[in-house]
Structure formats: structure tokens, C-alpha cells
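Chain and residue survey
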Amino acid sequence: MTDDVLDPPASEQIAAQVEAAEAEFMYRYVATAPSTTRDTLGIRTERVGGGVVLSVRNDVTGYWSKALGFGFTEPITAELMDHVIGLYREEGNTAAVIQIAPSVLPAEWPEVCRRHGIRPDSTWFKLACPIEDFEPRAETSLRIERVGPDHVTQWARTTLNGFGMPLDLEDMVAA
């Protein structure tokens, strides 16, 4: 390992952990929404192919319908993507994000994209390091702590406001 770059096996292992953590927290946000919220938003979730598929048909933000976490524990195949796209179509969901780390895209990915009309839209970067290597570069009065049951509603509102999302998603985020 050099000062700023991890060797490829360690980097891939961290990528797998980061992708799995994001997929799991997104799944829990959406899957544990109260039943009234699930019905109102048209929520369907599924674990498949080592990842998760989240369909939120009535999401006005365009954020919550996504498929992610694929390619690390099971290969990404054309059949898997056929299933994912099929789920969105069954749900009447007109748009979703398929979020896949570039390092795990299969050779046939361009053909899968052509067949389903998948196009790149934006790029997200995830930065990670072992916690013992993290060195804050500035002082701050902000604190990080667990959100307890007495503050979860306030936390949900703050999170939604921070991302410019409607407060009617509060029940889902607070769950």
C-alpha cells in the first residue's frame, strides 16, 4: 500500500463493503416504510443477484427507485438485468437508477444497455479509507452521534430538508 492508494485487492474489498453497506441501508429505508407510506408511494423491494431493487413508483424526487449492490457476491448477467428492468416495468415505474461500480460491469454490459435503453446519466464517487487512517483536515463544532428514538423524527426532517426532498417521505426515512 502506498500513502494514498490502496493495492487492487484491498481496494476491491473496500468497494464491495461500501456497495453492500449502501445497498443495505437503502433497502432498509424503503422496505421498512410504514404500510400506508408503502401504499401511497407504490413501494416494492426485492433482494436479487447479490443486490437490491427498490421501486418507488410515486417518488417525485427520482432518488428512491434504484438497483444497487450488484457484482460483488454474484456476477452481473444479462438475465439479472432483464429481471431488474422487468420488475420496474411490472410496477409501472417509468424511471430508476441502476447503480453499478465500474469495476464489476460485465463484458456484455454495452449490449444490455442497448437492449433496455439504459444510458449513463451521472457519476457518483465514493471515498473510503480505514477509520484509523482518517485524519480530519479542519476543526468543526459539528458532532456525530447515534440518533435515538426521541430524535428520529427531527433527524428525518433534517435529512429530507438537506436533500431538498418532500417532508411527506418522513415516515419512510424515520422508519
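Above this text you will find the structure in question.
Fair warning: this is a prediction, and the values are worked out from it, not measured in the lab.

1. Examining helix α4 (residues 109-116)
Regarding α4, the residues found buried are Trp109, Val112, Cys113 and His116. Projection of α4 onto a plane perpendicular to its axis shows the buried side chains occupying an angular sector of 100 degrees, all on one side. Structurally, α4 contributes buried residues whose contacts are with α3 (78-90) and β4 (97-99). At the exit of α4 stands Gly117, carrying a positive phi of roughly 70 degrees.

2. A look at the packing of α3 against α4
It is the contact of α3 with α4, at a shortest axis distance of 10 Å, that shows an interaxial angle of 25 degrees. When the axes of α3 and α4 are compared, the pair comes out roughly parallel. Here the hand of the crossing between α3 and α4 comes out right-handed. Here α3 contributes Ala78, Met81, Asp82, Ile85 and Arg89 to the contact with α4, which in turn contributes Trp109, Val112, Arg115 and His116. For the contact of α3 with α4, a count of residues per class yields five nonpolar, one polar and three charged.

3. Re the environment of Val152
Locating Val152 in the fold gives a position in helix α5 (residues 152-162). Note on Val152: relative accessible area 24%, which makes it partly exposed. Considering only alpha carbons, one finds Val152 and Glu170, 18 residues apart in sequence, at a separation of 9.7 Å. Those residues in contact with Val152 that lie beyond four places of it in its chain are Val147 and Ala174.

4. With respect to the environment of Val52
With respect to the element layout, Val52 can be found in strand β2 (residues 51-56). We classify Val52 as buried; its relative accessible area is 3%. Expressed as a C-alpha distance, the spacing of Val52 and Phe70, which sit 18 residues apart in the sequence, is 7.7 Å. The contacts of Val52, once residues within four sequence positions are left out, are Ala23, Tyr27, Glu46, Arg47, Lys66, Ala67, Leu68 and Phe70.

5. So, the packing of aromatic side chains
Two measures describe an aromatic ring pair: the distance that separates the ring centres and the angle between the ring planes. In total, this model carries four aromatic pairs according to the counting rule given. When the ring of Tyr29 is compared with that of Trp155, the centres are 6.4 Å apart and the planes differ by 10 degrees; the resulting orientation is stacked. Residue Tyr29 is found in helix α1 (residues 8-31), and its partner Trp155 is found in helix α5; the two are separated by 126 residues along the sequence. Among the aromatic residues, those joined into a ring-pair cluster are Phe25, Tyr29, Tyr63, Trp64 and Trp155. When the ring centre of Tyr27 is taken as reference, the NZ or CZ atom of Arg47 above it lies at 3.9 Å. Its end group placed over the ring of Tyr63, Lys66 keeps NZ or CZ at 4.0 Å from the ring centre.

6. Structural notes on the pattern of salt bridges
Pairing between side chains of opposite charge can happen when their charged atoms approach one another. All chains considered together, the criterion is met by ten salt bridges. Glu24 serves as the salt-bridge partner of Arg47, at 2.9 Å between the closest nitrogen and oxygen. Here Glu24 lies in helix α1 and Arg47 lies in strand β1 (residues 43-48), a separation of 23 residues in the sequence. According to the relative accessible area criterion, Arg47 is partly exposed, its value standing at 47%. Between Arg44 and Glu90 there is a salt bridge; the shortest N-O distance is 2.9 Å. Of this pair, Arg44 sits in strand β1 while Glu90 sits in helix α3, and the two are 46 residues apart along the sequence.

Cut-offs applied
- Residues numbered from 1 in each chain as written.
- Predicted model: local features only at pLDDT ≥ 70, side-chain atom pairs only at ≥ 80, totals over all residues.
- Heavy atoms only, no water.
- Buried < 20%, exposed > 50% of the residue type's maximum accessible area, 1.4 Å probe, protein only.
- Helix = DSSP H or I, 4+ residues; strand = E, 2+ residues; numbered from the N terminus.
- Arc of directions from axis to C-beta.
- Contact = heavy atoms within 4.5 Å.
- Axes fitted to C-alpha atoms, helices over the stretch in contact; angles between N-to-C directions.
- Parallel < 35°, antiparallel > 145°, perpendicular 65-115°, else oblique.
- Left-handed = near helix turned anticlockwise from the far one by under 90°.
- Nonpolar A, V, L, I, M, F, W, Y, C, P; charged D, E, K, R; others polar.
- Phe/Tyr/Trp six-rings, centres within 6.5 Å; stacked < 30°, edge-to-face > 60°.
- Lys NZ or Arg CZ within 6 Å of the ring centre and 35° of its normal.
- Salt bridge = Lys/Arg side-chain N within 4 Å of Asp/Glu carboxyl O.

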